[in-house]
Amino acid sequence: MVIYGVSFLGACYILGQLLGEFLAKWIGVKANVGGVGFAMLFLILAHDYFNKRNLFSAEAEKGILFWSQMYIPVIVAMSATQNVVVALDSGLLAIIAGIIPVFMCFACIPLLVKLTKSSLID
Amino acid sequence: MEIVFNFFEKNGLIVAFVAVGAISYLGFLISKHVLNNKIPGAAVSILLGLIVAYFSGLYTGGSKGIADISIFSGMSLLGGSMFRDFAIVSTAMGASFMLIRQTGLAGAISLVLGTTVSFVGGAIVAVFFGYDDAKSIATIGAGACTFIVGPVTGAALQASSEVIALSIATGVVKSIFVTISTPFIAPYIGLNNAHSAMIYGGMMSTTSGVSAGLAATDTKLVPYGALTATFATGMGCLLCPSVFYLILEKIL
């Protein structure tokens, strides 16, 4: 049943996000630390485990796939609810301080990719 | 008319499905017929979303884009962090654990480097604009990580509310700029595989910018980028008000 997939996804989400909340509390940070990342890892590992034992029906998988296809629409909705006016009107400082680091980070990516690629081989 | 308005408000989420469908349809139409598929439909739709948010903000004077227009209030639920994170997690279905494990270390390095580079970049701009106290510079530098790290750092260091507002705006500009620029810069930085996507996620830090930027570039890369980016806000909140602030204080 489709709901099994949605429920499975929901369980991974709750476990991961909770872990992120507790990890944040533990290291004394006022934000969720990696909750989504943990949830994704749970989903990948648990799905793999059940799939190998043929416990994951194609129907249940549809319940997860539906949401992964809803991802872009959700992002469109997110874009439409951003505070774009403040971003553009709060003066040059915010705009420059928001854009320059992005270029600096973009520039670092090929370098880091090269550096870490070589360690992949061994 | 009032019946319609009340009905729309009560059924906000469903109205949001219809509205997002309409924006996406328009986005894909523009992509295909006006831009000859040079810019992917998803990217155009996201950009349209931002434009809608801009004009809604001008019209209502609020901070939540189209969601401040009461009949579209459901957009803040569909576009809020719950649905966003839920949808991001679901994309992990297609991700390979092998690839993630292989890139794990590179992802971790990119997280530290991304936070450092963003902070330094933001701090330098703050100095250029005449700020000379460590608290304000650190808060604006933190804002250049993500729009959550900025106010968290500002509150921890007791920076002025004007500076905190500026740090939030900096983070929002960054998130929007990452969204818009990623599909254009991707070919030049080799952003076309899981390895570079994980590094990209860590370097860019902003989960919303990374997830939207990758969605506009190549949906297959979303889970890898999002996986590292989701640790970045925590990393920023950890480093900015502590280590980075102390170093900054020593320098000044």
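Residues numbered from 1 in each chain as written. Chains lettered and ligands numbered in written order. Predicted model: local features only at pLDDT ≥ 70, side-chain atom pairs only at ≥ 80, totals over all residues.

Draft legend 1. View of the overall build of chain B. Assigned secondary structure in chain B consists of twelve helices and zero strands. Along chain B, helices (α) and strands (β) appear in the sequence α-α-α-α-α-α-α-α-α-α-α-α when read from the amino end. Taking 2.2 N^0.38 as the reference for a compact globule, 252 residues should give roughly 18 Å; the C-alpha atoms of chain B span a radius of gyration of 19 Å, in line with that estimate. Oriented by its inertia axes, the alpha-carbon framework of chain B measures out at about 60 × 45 × 30 Å. Looking at chain B as a whole, 59% of its 252 residues qualify as buried. Considering only intrachain contacts with a sequence separation of at least 6, the fraction spanning at least 24 residues in chain B is 65%. (Helix = DSSP H or I, 4+ residues; strand = E, 2+ residues; numbered from the N terminus. Rg over C-alpha atoms; globule rule 2.2 N^0.38 Å. Buried ≥ 20, exposed ≤ 12 C-beta atoms within 10 Å, placed from the backbone. Contact = placed C-beta atoms within 7 Å.)

Draft legend 2. Spotlight on the overall build of chain A. Each helix and strand counted, chain A has six helices and zero strands in total. From first element to last, N terminus to C terminus, chain A shows the α and β order α-α-α-α-α-α. The C-alpha atoms of chain A give a radius of gyration of 20 Å, which is well past the 14 Å a tight globule of 122 residues would have. Each of the three principal axes of chain A carries a C-alpha extent, and together these read 55 × 45 × 30 Å. Burial statistics for chain A: of 122 residues in total, 49% are counted as buried. Long-range pairs, those at least 24 residues apart, make up 53% of the contacts in chain A with a sequence separation of at least 6.

Draft legend 3. Expanded view of the domain arrangement of chain B. Residues and elements named next belong to chain B. Annotation of chain B at the domain level lists domain 1 (2–79) and domain 2 (92–251). Spacing between the C-alpha centres of domain 1 and domain 2 amounts to 26 Å. Contacts between the two partners involve seven residues from domain 1 and, on the opposite side, seven residues from domain 2. (Domains from an automatic or database assignment.)

Draft legend 4. How the structure looks around the interface of chain A and chain B. The interface is formed by 64 residues belonging to chain A together with 88 residues belonging to chain B. Put simply, the parts of the chain that give the side of chain A that touches chain B at least two residues each are helix 1 (2–27), helix 2 (35–52), helix 3 (58–69), helix 4 (71–80), helix 5 (84–89) and helix 6 (92–121) of chain A. With 20 residues, helix 6 of chain A is the single largest residue contributor to the side of chain A that touches chain B. For the side of chain A that touches chain B, a count of residues per class yields 49 nonpolar, 13 polar and two charged. (Nonpolar A, V, L, I, M, F, W, Y, C, P; charged D, E, K, R; others polar.)

Draft legend 5. The arrangement of the confidence of the model for chain A in detail. Considering every residue of chain A, the mean pLDDT works out to 87; 96% of them sit at 70 or more. Within chain A, helix 5 of chain A has the poorest average pLDDT of any element, 79, and helix 1 of chain A the best, 92. (pLDDT = per-residue confidence, 0-100.)

Draft legend 6. Just the confidence of the model for chain B, in detail. In this model, chain B carries a mean pLDDT of 90, and residues with pLDDT of at least 70 account for 100%. Reported for the predicted complex are a pTM of 0.82 and an ipTM of 0.88.

Draft legend 7. Layout of the nonpolar core. Residues and elements named next belong to chain B. Ile-46, Val-89, Ala-215 and Cys-240 are the most contacted members of the largest nonpolar core, which totals 127 residues. Per element, the largest residue contribution to this core is 14 residues, and it comes from helix 12 (residues 222–251). When sequence neighbours within four positions are dropped, the list of residues in contact with Cys-240 reads Phe-119, Ala-138, Gly-141, Ala-142, Cys-145, Val-149, Thr-153 and Tyr-245. (Core = buried A, V, L, I, M, F, W, Y, C linked by C-beta atoms within 7 Å.)

Draft legend 8. Molecular detail of the environment of B:Gly104. All names here are of chain B. By the element assignment, Gly-104 lies in helix 6 (residues 97–128). A tally of 13 C-beta atoms within 10 Å means that Gly-104 is categorised as partly exposed. Separated by 67 residues in the primary sequence, Gly-104 and Gly-171 have C-alpha atoms spaced 26 Å apart.

Draft legend 9. Examining the environment of B:Ser96 more closely. Relative to the assigned elements, B:Ser96 resides in the loop between helix 5 (81–90) and helix 6. Residue B:Ser96 is classed as partly exposed on the basis of its 13 C-beta neighbours within 10 Å.

Draft legend 10. Expanded view of helix 2 (residues 12–34) of chain B. The terminal C-alpha atoms of helix 2 of chain B lie 32 Å apart, and with 23 residues this matches the ideal 33 Å at 1.5 Å per residue to within 8%. Along helix 2 of chain B, the residues classified as buried are B:Ala16, B:Ala19, B:Val20, B:Ile23, B:Ser24 and B:Gly27. Residues of helix 2 of chain B that are buried in the fold lie against helix 4 of chain A together with helix 3 (41–60) and helix 4 (75–78) of chain B. (Expected span 1.5 Å × (residues − 1).)

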